[in-house]
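As a plain string of letters, each chain reads:
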Amino acid sequence: AQKVTQAQTEISVVEKEDVTLDCVYETRDTTYYLFWYKQPPSGELVFLIRRNSFDEQNEISGRYSWNFQKSTSSFNFTITASQVVDSAVYFCALSGGSSNTGKLIFGQGTTLQVKP
Amino acid sequence: DSGVTQTPKHLITATGQRVTLRCSPRSGDLSVYWYQQSLDQGLQFLIQYYNGEERAKGNILERFSAQQFPDLHSELNLSSLELGDSALYFCASSSGTGAVTDTQYFGPGTRLTVL
């Protein structure tokens, strides 16, 4: 069965600190995709990144970076120089499976609070 | 703004009632997904449609049903509502065939409160 674990329930940092959100996944599929979504206090889910299982290159987008390590089944997300606007719940998600549908399995989410 | 619209934004109703949640996907997207977000269950996949056909089903209760219409909008019907159905219901859409490769873009959600 597929599973996503975000062990950190809540993280609190002070503005300008770097913070890493952990994501560990379980799957038996060889082809799968990993995602990160952000849910700000307003409630909507905002897509951040998609990664496929064959691409282990790290990715950087501005202050955001992602580290995908297949050997440890992890897809961690780092925010550099955090800002108050980064305060949100962040979800890691997994899609895959022999049925080849788009069903997403979400982790429980990590609440990030960035204090001024 | 993802381009996915959901109505209504908020819905308050009583136990035993029936409600309909509506979703319009992004322009051109043929795939629609429904998810439920609750405090105890987290974000759970309910059902997926591609161009009017059901593509995948998750842990959707028998009291719940959905469909996708020819104009591609989708509706989620919840009946015989219980207190535990109170949740945030998200619709998402994608531009692909609804396969594992698709990126899903989410609407703002409908917050359902059952009293």
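Structure: above.
Because the structure is predicted, anything quoted here is derived from the model rather than measured. (Residues numbered from 1 in each chain as written. Chains lettered and ligands numbered in written order. Predicted model: local features only at pLDDT ≥ 70, side-chain atom pairs only at ≥ 80, totals over all residues. Heavy atoms only, no water.)

(A) Layout of the overall build of chain B. In terms of helices and strands, chain B carries 0 helices and 11 strands. Taken against the 2.2 N^0.38 rule, which gives 13 Å for 115 residues, the C-alpha radius of gyration of chain B at 13 Å falls within 12% of a compact globule. With respect to the principal axes defined by its C-alpha atoms, chain B has extents near 40 × 25 × 25 Å. Across the 115 residues of chain B, 53% fall into the buried class. Taking contacts inside chain B between residues at least 6 apart in sequence as the whole, the part at least 24 apart equals 56%. Roughly 5,300 Å² of accessible area belongs to chain B as shown, and the carbon and sulfur atoms make up 48% of that amount. Computed over 8 positive and 11 negative side-chain charges, the inter-centroid distance for chain B is 3 Å. (Helix = DSSP H or I, 4+ residues; strand = E, 2+ residues; numbered from the N terminus. Rg over C-alpha atoms; globule rule 2.2 N^0.38 Å. Buried < 20%, exposed > 50% of the residue type's maximum accessible area, 1.4 Å probe, protein only. Contact = heavy atoms within 4.5 Å. Areas by Shrake-Rupley, 256 points an atom, 1.4 Å probe, with all protein chains shown as cover. Lys, Arg positive; Asp, Glu negative; His and termini not counted. Charge placed at Lys NZ, Arg CZ, Asp CG, Glu CD.)

(B) Structural context of the overall build of chain A. Tallying secondary structure elements over chain A gives 0 helices and 12 strands in all. Walking chain A from its N terminus toward its C terminus, one meets helices and strands in the order β-β-β-β-β-β-β-β-β-β-β-β. Reported as C-alpha extents along the three principal axes, the dimensions of chain A are approximately 45 × 30 × 20 Å. Per-residue burial over chain A gives 46% buried out of 116 residues.

(C) Summary view of the state of the cysteines. Within the structure shown, the criterion is met by 2 disulfides over all chains. Covalently, Cys23(A) is tied to Cys92(A) through a disulfide, its sulfur atoms 2.0 Å apart. Because the torsion about its S-S bond is -65 degrees, the bridge between Cys23(A) and Cys92(A) counts as left-handed. On the criterion of sequence distance, the pair formed by Cys23(A) in the loop between β3 (19-21) and β4 (24-26) and Cys92(A) in strand β10 (residues 88-96) is long-range, its members being 69 residues apart. Classification of Cys92(A) by relative accessible area gives buried; the value is 0%. Note that Cys23(B) is cross-linked by a disulfide to Cys91(B), the S-S spacing being 1.8 Å. Judged by the torsion about the S-S bond (-55 degrees), the Cys23(B)/Cys91(B) disulfide is left-handed. (Disulfide = S-S within 2.5 Å.)

(D) Seen up close, the interface of chain A and chain B. On the chain B side, the residues contacting the 20 residues of chain A number 23 residues. Across the chain A/chain B interface, buried area totals approximately 1,700 Å², and carbon plus sulfur atoms make up 58% of it. Across the contact surface, chain A and chain B share 0 salt bridges. For the pair chain A and chain B, the interface holds 6 residue pairs in polar contact (both at pLDDT 80 or more). Put simply, the parts of the chain that give the side of chain A that touches chain B at least two residues each are β5 (32-39), β6 (46-52), β10 and β11 (104-106) of chain A. Of the residues forming the side of chain A that touches chain B, the biggest block, 4 residues, is contributed by β5(A). (Buried area = accessible area lost by both parts, 1.4 Å probe. Salt bridge = Lys/Arg side-chain N within 4 Å of Asp/Glu carboxyl O. Polar contact = N/O pair within 3.5 Å; in protein donor to acceptor, adjacent residues only side chain to side chain.)

(E) Quick look at the sheet that holds strand β1 (residues 5-7) of chain B. Residue and element names in this part refer to chain B. With antiparallel pairing, 4 strands are arranged side by side in an open sheet as β1-β3-β8-β7. Edge positions in the sheet fall to β1 and β7 (64-68), since each of these pairs with one other strand and no more. Each neighbouring strand pair of the sheet contributes to a mean axis angle of 15 degrees, computed without reference to strand direction. In the sheet, β1 pairs with strand β3 (residues 19-24) via 3 bridges, with the strands oriented antiparallel. Within the sheet, the bridge partner assigned to Gln6 lies in β3 and is Cys23. (Pairing = 2+ DSSP bridges. Axes fitted to C-alpha atoms, helices over the stretch in contact; angles between N-to-C directions.)

(F) Just the pattern of salt bridges, in detail. Residue and element names in this part refer to chain A. Following the criterion strictly, the structure yields 7 salt bridges over all chains and no others. One salt bridge connects Arg51 with Asp55, and the closest N-O pair in it is separated by 3.4 Å. For Arg63, the salt bridge is made with Asp86, and the minimal N-O distance between the two is 2.8 Å. Note that Arg63 is positioned in the loop between β7 (59-61) and β8 (64-69) and Asp86 in the loop between β9 (74-79) and β10, a separation of 23 residues in sequence. Overall, Arg63 belongs to the partly exposed group, its relative accessible area being 24%. What makes Asp86 buried here is its relative accessible area of 1%.

(G) Expanded view of the side chain of Gln39(A). Within the secondary structure layout, Gln39(A) lies in strand β5. For Gln39(A), a relative accessible area of 9% gives the class buried. There is a polar contact of 2.9 Å between the side chain of Gln39(A) and the side chain of Gln37(B).

Geometric values such as these leave the question of function open.
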